[in-house]
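Letter by letter, the chains look like this.
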Amino acid sequence: MYEPIRTKSVHTMAAVPDFPHRSREEELEIRLAGHLTALLTVTDELRALAPDPALDDAARRLAAQVARLRAGRAPLRAAPTPDAGTHDPARLAALHQRAHTLAGQALVVATSLADHRGAALAAERMAAHAEAVGVAA
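Each value, and the rule that gives it
Residues numbered from 1 in each chain as written. Predicted model: local features only at pLDDT ≥ 70, side-chain atom pairs only at ≥ 80, totals over all residues. Heavy atoms only, no water. Salt bridge = Lys/Arg side-chain N within 4 Å of Asp/Glu carboxyl O. Helix = DSSP H or I, 4+ residues; strand = E, 2+ residues; numbered from the N terminus. Buried < 20%, exposed > 50% of the residue type's maximum accessible area, 1.4 Å probe, protein only. Axes fitted to C-alpha atoms, helices over the stretch in contact; angles between N-to-C directions. Parallel < 35°, antiparallel > 145°, perpendicular 65-115°, else oblique. Left-handed = near helix turned anticlockwise from the far one by under 90°. Contact = heavy atoms within 4.5 Å. Nonpolar A, V, L, I, M, F, W, Y, C, P; charged D, E, K, R; others polar.

Undergrad: Whenever I open this one, the pattern of salt bridges confuses me. Can you help?
TA: Close approach of charged atoms allows side chains of opposite charge to pair. This model, assessed by the stated rule, comprises 9 salt bridges. Notably, a salt bridge pairs D44 with R47, separated by 2.8 Å at the nearest N-O pair. Linking D44 with R47, this pair stays in helix α1 (residues 24–49), spanning 3 residues, or about one helical turn. Taking the relative accessible area as the measure of exposure, D44 reaches 7% and is therefore buried. You can call R47 partly exposed: its relative accessible area is 27%. Between D56 and R47 there is a salt bridge, with its nearest N and O atoms 2.7 Å apart.

Next comes the structure, spelled out in structure tokens:
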């Protein structure tokens, strides 16, 4: 009465995957390293526009965290060139707001990963940038 199915279902898993899979932890580490690298880039730009020893220390610590997450490979960094708008308060506020957002994203991923060092650094940077902008953290 019924004819048997002669082809494999599209819903069955292949016996041998043709590409490597990463674990959830590996994916989260990659995302965290990406968020921290983006935060480092904004921090470097802030350092070029408004030099501050606290930003220098933050950049050093962010680079160390990224290197830890990437098995010792240091992040690529471009030297930002300061332009004529060095003391533009609107630009500095926008950069601090962007850094605050990136630190928040890094904090979410670090918390999901249970990476206490990354979460502590992200929370610290989030608070520092919120203070610089005048936002309640």
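Moving on, there is more to tell.
Undergrad: Could you clarify how one ought to interpret the packing of helix α2 (residues 53–69) against helix α4 (residues 116–133) in this entry?
TA: A pair of packed helices can be characterised by two numbers: the angle between their axes and the separation between those axes. α4 packs onto α2 with a crossing angle of 150 degrees between their chain directions and a minimal axis gap of 11 Å. Relative to α4, α2 is oriented roughly antiparallel. Along this stretch, α2 crosses α4, giving a crossing that reads as left-handed. Facing α2, whose interface residues are L55, A58, R61, L62, Q65 and R68, α4 presents R117, G118, L121, E124, R125 and H129. Here the residues of the contact of α2 with α4 sort into 4 nonpolar, 3 polar and 5 charged.

As far as function goes, none of this settles anything; it's purely spatial.
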